Every structure is written in structure tokens, then in C-alpha cells.
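# Inside the fold
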Amino acid sequence: MKDNTHNDGLDIHETLDGEALGIDSPTPAESAVAEVAAAAARAKKATKPSRPDPYIWGIYILFLLISVVELFSASSSEVSASNVYSPLIRHGIFLVIGVAIVLGLQKTHYVVMRRMAWIVAIVSLALLVLSSVAGVEINGAQRAIRVAGMTIQPAEMIKLAAVLLLAAILSKNQAPGGVTNSGVIQCAVVVVVFGALLWRNGLTNMILLMGVSISMFLIGGIQWKKFGVVMLVYVCCAGALMAVKYMRPDTSQFDEVSKELVVAAGGTSDQAKSGGRASTHKGRMARWLEGTSPDDPIDDMNRQVVFSNFAQAHGGLVGQGPGNSRESARLPLAFSDYIFSIIIEDTGFVGGCCLLFLYLLLVARAGRVAYKCSRAFPAFLIMGCAVLIVFQALVHMAIVTGLFPVSGQPLPFISKGGTSILVMSAAIGMMLSVSRYAVTSGNKQEIKAEMKALPEDLQAANISNYTNG
């Protein structure tokens, strides 16, 4: 009797619609949100959340502690007599917001992140285009948007959006032999389009995006023949962009700083007008190939490199101690693009190596979690986020130590920069979400329940888990 009543109630409910009850039908956006929430609820119910990975949490907390100490040490040029703690307070506010983002995302099922991939990508692309058209100028380039007194750099956002999108595409296009042709084409198009739009915001951003995508291709088991084709496409597109950038005169109003630097270095005004940002990039490459010497005269062109080298030499083996940096007062952007040189000055070669090891430990731990994931998407997501963080750290360190030409790239979690801190915190939150909700126990019943609850496009198996486990 009880079952019949329950069935009758279902029949009556199904026959009624919003129009009959006088209720407005939901909009497409509301329906999409409701669908994402329902999918996440089913997935949460089917998978018992475990503790967020303590190793990832521990590494993240260590980054925050290092950030507070070294940012204060590197901000002496910003300290005012009225409030010596103002740079640290501003930085601390972003760190606290970042922690809130991590806490929120670790409680969010990765199904939601998969459903939001395209939305996040489109919004990031729109902001990037807007910053190129009507953005504010930072360090001689138009690359940011100012909203309510806060400066947002879409280039930082778009790198994480690309990781999220590539994870979604690769997980959906897994095949027994690797990645399907459709998946390879879609990923290559995403990287080329995103990379082309990132070009104006710095060559290193484009290289970083390509490096992360190459890593995700290899993690996904792409066939070597297809991998070779993708690399050929990347090289051709990069060559075309370089030709357009360096062969066409750049007369943008946002190149005035670059032109002034050309004149300051001894060039003529005509040379400055014909070069723009392209001349800046060429000059950086030429100076990198030529190298610097302690005997070189210090000018606007080599000031950052010279003082950065002084800071690293002053650090020696074990450093001068936190807060004892003498170069932070005269090193431009010591608190952001060159903070690793201040870290070495404070903690020496040993401290720099320990920080490098900490970043590598993060990607190693992510690899361990990904190896155990039963589904492909969470494995791609956690590895993509980890590779993005570590690659950006390696690029920053390579620039500071002279292995790469000068370019602006913050050190994740440590450099001053609100957008970078928030985006990288979101990446950590996604990694913790995977460690919490993805089935990693190898229990067949849990794996079966997870697959039954997940949407069809998230049911692709993690090949490495099954072939090696």
C-alpha cells in the first residue's frame, strides 16, 4: 500500500509542469546550474569524501610562511615611514583570501569543475581581450584590468583555465592506444588560440602554456606520431607569431616606456619608434646572449640583472638571514619578478635548493594521487594544476639565475601579486578536491559506485591506474 501511494505521488508530480502551476520555467542558466549541482550531489553521495591530502596541505602552508617572511624582506623599497608593515598587510590580505578559496574548492566535487571548464575558459578569454583593448599598463605593457581599485591580470587566470579545459578534453577523448585524433585536435586548437592571445602579455606566458600542454599530452599517453604533429604545429604557429611581432612596426601607445629605454641605452628616437615592445624583447635576448659582468656600467637596461646577481652572490652558501637583504632596496621588482634572488640572499644556495625541492615535492605528490585515481579527469586535473605551479616556479627561477632571458613571471604563492596568488590558490584547491573525492582506494565496489554516479563524459578510466595497478 505504501509503495502504491508513493508511485501515485510520482505520477502526479510528473504530469504537472511549471505552466500549469503558474510557475515560471527556469532559464537556461538556472537549468545549467541546477544540473551541475545535481551531478555534484550524486557524485558526493556515491563517493565517501576522505581527508584532503595532508602532504599537499603541508607544502601549501610552507609556501605561505615563506611568502610572508620573504615578501617583507624584499619590500624595503615599498616601505613608508608611516607604516612599515603596509606591504605585508596588503600581501597578507590576498593570502587570507587565497586560503578561503582553497578551503572552498577542497569541499567542492571535481564534477563541478568539469562542468565549469568552458565557462571559465570563455570568461578568461574575454577578460584577456578586454585587457589588451582597454586595460591598464603594468611595467610598460598593457596587460591588466582595474576593478574596484584592484588590478586583475587575466593572463594568470587563463593559464589555469587552459589546464581545466585540457583536462576535460583529454579525459573525454581517451582511447586504448592513447588520445583520439579528435582530442588531440581540440587540445591543439585550444593551446594555439590561448597562446596567440597570451603573446601580447609576454612570451614566457605563451611558452609556459605550451609547456604545460605538452606535459599533459605526455601524461595522457598521446601516441608519439601525434605528439610530433602537435609539436610541428606549435613551432609553425610560434614562428608565425614571431614574424608578425618582430617584422611589423609596433606604434602602440603602450610602448612609450620601451621607447624611452631604447633612447636611454644610446639608441636614437627613430630606432625607438620602429621597435616598440618588439625592440624590448630583442634587446633582452641580445643582452642575455651577451651576458653581464660585475664591471659593466649599470644602466636602465641591465639594472635588474646586475642587482639580482649581486643579491645571489651576497647570499653565498647559507645566506645572510631572513630580513638581512641589502639588495632589496635597489633591485627593481625585488618583491615580485626577482624575489627568488632575495630568497637566495637571505637563505643562500641551501635555501634556494630547499625551495626548489618543495615545488618538486608538490608535483611528485600530485603524481602519486593521480596514479591512484580510478577516473581520467581527476588524474589530469591534479597533474595539470601541479605542473602549472611547478613550471611557473621553474621559469621564475631560471630567469632570476640567468638561464632564461629577462621576463616578468611571479614565483607562485611567494611573489607579490594578487591575481597570481588567487589563481594558484585555486589550483591548490582543485588538487585537494581531487585528493578528497576521487576514488583512490582500489576498492571495486567504490569504483563501481563512483562510475555509476558520474556523468557519462567523466566515466573514462585512468589508464595508468589499470595498466599499472
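Computed from a predicted structure; not experimentally measured.

Tallying secondary structure elements over the protein gives 20 helices and five strands in all. Taken over 469 residues, the protein has a buried fraction of 46%. Carbon and sulfur atoms make up 65% of the accessible area of the protein, which totals about 22,500 Å².

This part takes up a nonpolar patch on the surface. A grouping of Val 129, Val 133, Ile 185, Val 189, Val 193 and Leu 197 is seen on the molecular surface, where their side chains present a nonpolar patch of about 500 Å² in accessible area. For the nonpolar patch, the secondary structure elements donating two or more residues are α7 (117-134) and α9 (181-198). It is α9 that provides the largest number of residues to the nonpolar patch, a total of four residues. Counting through the fold element by element, Leu 197 comes out in helix α9. Judged by its relative accessible area of 32%, Leu 197 is partly exposed.

In globular proteins that are soluble, nonpolar side chains generally tend to be buried together. Counting residues in hydrophobic clusters, the biggest one holds 104 residues, and the most contacted among them are Tyr 110, Tyr 359, Leu 381, Leu 411, Ile 428 and Met 431. With 18 residues, helix α17 (residues 376-400) is the single largest residue contributor to this core. Excluding its chain neighbours within four sequence positions, the residues that come into contact with Met 431 are Ile 56, Leu 362, Ala 366, Ile 382, Cys 385, Ala 386 and Ile 389.

With that out of the way, let us pick up the side chain of His 396. Positionally, His 396 belongs in helix α17. Since its relative accessible area comes to 0%, His 396 is described here as buried. Within the structure, His 396 has its side chain in polar contact with the backbone oxygen of Gln 409 (distance 2.6 Å). Here His 396 is in contact with Ser 336, Asp 337, Tyr 338, Ile 339, Phe 340, Gln 409, Pro 410, Leu 411 and Ser 415, once residues within four sequence places are set aside.

The subject of this paragraph is the confidence of the model for the protein. Averaged over all residues, the pLDDT of the protein is 76; the fraction at 70 or higher stands at 68%. By mean pLDDT, helix α13 (residues 269-275) is the weakest element of the protein at 40, and α17 is the strongest at 93. In this model, residues 1-21 is a region of pLDDT below 50 whose contacts with residues beyond four sequence positions or in other chains number two contacts. Counted against residues more than four places away or in other chains, residues 250-276, with its pLDDT under 50, gives 39 contacts.

Applying the stated criterion across every chain yields a total of two salt bridges. Salt-bridge contacts for Asp 53 lead to Arg 365; the nearest nitrogen and oxygen are separated by 2.7 Å. Residue Asp 53 is located in the loop between α3 (28-46) and α4 (54-74), and its partner Arg 365 is located in helix α16 (residues 339-372); the two are separated by 312 residues in the primary sequence. For Arg 365, a relative accessible area of 25% corresponds to the partly exposed category. Across the pair Glu 156 and Lys 159 runs a salt bridge, and its minimum N-O distance is 3.4 Å.

Our next topic: the packing of α4 against helix α5 (residues 86-106). Two elements in contact, α4 and α5, have axes separated by 10 Å at closest approach and are oriented at 170 degrees. The angle between α4 and α5 places the two elements in the roughly antiparallel class. On α5, the residues touching Trp 57, Tyr 60, Leu 64, Ser 67, Val 68, Leu 71 and Phe 72 of α4 are Pro 87, Leu 88, His 91, Leu 95, Gly 98, Val 99, Val 102, Leu 103 and Gln 106. Residues that form the contact of α4 with α5 fall into these classes: twelve nonpolar, four polar and no charged.

Turning to its location among the elements, Ser 425 is positioned in helix α18 (residues 418-437). Judged by its relative accessible area of 1%, Ser 425 is buried. The residues contacting Ser 425, other than those within four sequence positions of it, are Tyr 60, Gly 98, Ile 101, Val 102 and Phe 413.

What follows concerns α18. When the terminal C-alpha atoms of α18 are compared, their 28 Å separation across 20 residues agrees well with the 28 Å that a helix rising 1.5 Å per residue should span. Burial runs high along α18: 19 of the 20 residues are buried.

The next point concerns the packing of α9 against helix α10 (residues 203-219). Contact geometry for α9 and α10: axes closest at 8 Å, N-to-C directions at 165 degrees. The pairing of α9 with α10 is recorded here as roughly antiparallel in orientation. Pair α9 / α10 crosses with right-handed handedness. Counted together, Val 184, Cys 187, Ala 188, Val 191, Phe 194, Gly 195 and Leu 198 of α9 and Asn 205, Met 206, Leu 209, Met 210, Ser 213 and Phe 217 of α10 form the full contact between these two elements. When grouped by side-chain class, the residues that make up the contact of α9 with α10 number ten nonpolar, three polar and no charged.

The rules behind each value
Residues numbered from 1 in each chain as written. Predicted model: local features only at pLDDT ≥ 70, side-chain atom pairs only at ≥ 80, totals over all residues. Heavy atoms only, no water. Helix = DSSP H or I, 4+ residues; strand = E, 2+ residues; numbered from the N terminus. Buried < 20%, exposed > 50% of the residue type's maximum accessible area, 1.4 Å probe, protein only. Areas by Shrake-Rupley, 256 points an atom, 1.4 Å probe, with all protein chains shown as cover. Patch = residues over 30% accessible without salt bridge, like charges linked within 9 Å, V, L, I, M, F, W, Y side chains within 5 Å. Salt bridge = Lys/Arg side-chain N within 4 Å of Asp/Glu carboxyl O. Core = buried A, V, L, I, M, F, W, Y, C linked by side-chain atoms within 4.5 Å. Contact = heavy atoms within 4.5 Å. Polar contact = N/O pair within 3.5 Å; in protein donor to acceptor, adjacent residues only side chain to side chain. pLDDT = per-residue confidence, 0-100. Axes fitted to C-alpha atoms, helices over the stretch in contact; angles between N-to-C directions. Parallel < 35°, antiparallel > 145°, perpendicular 65-115°, else oblique. Nonpolar A, V, L, I, M, F, W, Y, C, P; charged D, E, K, R; others polar. Expected span 1.5 Å × (residues − 1). Left-handed = near helix turned anticlockwise from the far one by under 90°.

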